[in-house]
Amino acid sequence: EIVLTQSPATLSLSPGERATLSCRASQSVSSYLAWYQQKPGQSPRLLIYDTSYRATGIPARFSGSGSGTDFTLTISSLAPEDFAIYYCQQRINWPLTFGGGTKVEIK
Amino acid sequence: QVQLVESGGGLVKPGGSLRLSCAASGFTFSDYYMIWIRQAPGKGLELISYISSSGSTEFYADSVKGRFTSSRDNSKNSLYLQMNSLRVEDTAVYYCARDFVANRRSNWFDPWGQGTLVTVSS
């Protein structure tokens, strides 16, 4: 099973700041990595798939990069609605697995 | 508007059974693979089941294999999860979600339902 490790566990930032979230895989997942956002009391939604493709309706301030085992989700300028938990997910191997999440909180 | 609505959660004793349902609307249900994912309280996400668009193929996580069964009724736009031999560690919010792409398995998931809470406790 591929283990995805997200860091940091919590990121404390102010609106307008840049957020950089990391996801590291225990073995290569090629470019088959996605990011999801979960706001309090809501279900997750897909933000980024195949490392860098934004899902429909996702603002351009969200971007993804990386390959192999190291991936990054960048939010260029945090909007108030971006404070949430972010999960990465790999799809190269079954079982499909998720990272433990990074909480982006208001500083 | 694409929508998924889960139901059927509740409190059940260890060893008991429960059947979850997921009602889909706003898209051609029979064109999509569907999944069940759960989230234990304060924990991350675990994909537990994946079913093909026709219902002919299913995948299960080892943690639920042999105890849980997914099925679907495309005529009713509905997905089901039959959960037997429930354990305390099965306590979680259970979400259904749709594969991102029609007519093939992309293994990305969107949208998700709002979830239904299953509590296994004596």
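Keep in mind the model is a prediction, meaning the values are calculated, not measured. (Residues numbered from 1 in each chain as written. Chains lettered and ligands numbered in written order. Predicted model: local features only at pLDDT ≥ 70, side-chain atom pairs only at ≥ 80, totals over all residues. Heavy atoms only, no water.)

## Quick word on unusual backbone geometry
With an omega of -10°, the peptide bond between serine 7 of chain A and proline 8 of chain A qualifies as cis. With respect to the element layout, proline 8 of chain A can be found in the loop between strand 1 (4-7) and strand 2 (10-13). Despite not being glycine, threonine 51 of chain A has its phi angle at roughly 75°, a positive value. With respect to the helices, strands and loops of the structure, threonine 51 of chain A is situated in the loop between strand 5 (45-49) and strand 6 (53-54). Note on threonine 51 of chain A: relative accessible area 5%, which makes it buried. Unlike most non-glycine residues, serine 85 of chain B shows phi in positive territory, near 50°. (Helix = DSSP H or I, 4+ residues; strand = E, 2+ residues; numbered from the N terminus. Buried < 20%, exposed > 50% of the residue type's maximum accessible area, 1.4 Å probe, protein only.)

## Describing the nonpolar core
Of all hydrophobic cores here, the largest spans 44 residues; its most connected members are Trp35 and Tyr86 of chain A together with Phe109 and Trp112 of chain B. Residue contacts for phenylalanine 109 of chain B: discarding those within four places in its chain leaves Tyr36, Leu46, Gln89 and Leu96 of chain A together with Ile35, Ile37, Leu47, Tyr50, Ala97, Arg98, Asp99 and Phe100 of chain B. Phe29, Tyr32, Ala92 and Cys96 of chain B belong to the second largest nonpolar core, which has 25 residues in total. (Core = buried A, V, L, I, M, F, W, Y, C linked by side-chain atoms within 4.5 Å. Contact = heavy atoms within 4.5 Å.)

## A closer look at the sheet that holds strand 8 (residues 78-83) of chain B
Residue and element names in this part refer to chain B. Taken in spatial order, the four strands line up as 1-3-8-7 in an open sheet, and their pairing is antiparallel. In this open sheet, the two strands that pair with only one neighbour each are strand 1 (3-7) and strand 7 (68-73). The mean inter-strand angle of the sheet, taken between neighbouring strand axes irrespective of direction, is 15°. Alignment of strand 1 against strand 3 (residues 18-25), held across five bridges, turns out to be antiparallel. Looking at the pairing, valine 5 lines up with alanine 23 of strand 3. (Pairing = 2+ DSSP bridges. Axes fitted to C-alpha atoms, helices over the stretch in contact; angles between N-to-C directions.)

## Focus on the state of the cysteines
Inspection of the entire model under this criterion finds two disulfides over all chains. Linked covalently through their sulfurs, cysteine 23 of chain A and cysteine 88 of chain A form a disulfide whose S-S length is 2.1 Å. Measuring the twist about the S-S bond at about 75°, one finds the cysteine 23 of chain A-cysteine 88 of chain A disulfide to be right-handed. Remark: cysteine 88 of chain A occurs in strand 9 (residues 85-90) and cysteine 23 of chain A occurs in strand 3 (residues 19-25); sequence separation between them is 65 residues. Neither cysteine 23 of chain A nor cysteine 88 of chain A differs from the other in exposure class; each is buried. Across the disulfide, cysteine 22 of chain B is cross-linked to cysteine 96 of chain B (sulfur-sulfur distance 2.0 Å). When the S-S torsion is 60°, as for the bridge of cysteine 22 of chain B with cysteine 96 of chain B, the disulfide is right-handed. (Disulfide = S-S within 2.5 Å.)

## Here we look at the environment of proline 111 of chain B
Among the secondary structure elements, proline 111 of chain B is positioned in strand 10 (residues 109-112). Here the alpha-carbon distance between proline 111 of chain B and cysteine 96 of chain B, two residues 15 residues apart in the chain, equals 8.8 Å.

## Comments concerning the sheet that holds strand 1 of chain A
All names here are of chain A. Spatial strand order, 1-3-8-7: four strands in an open sheet with antiparallel pairing. Of all strands in the sheet, those with a lone pairing partner are strand 1 and strand 7 (62-67), marking the two edges. Each adjacent strand pair in this sheet contributes to an overall mean axis angle of 20°, direction not counted. Pairing between strand 3 and strand 8 (residues 70-75): six bridges, direction antiparallel.

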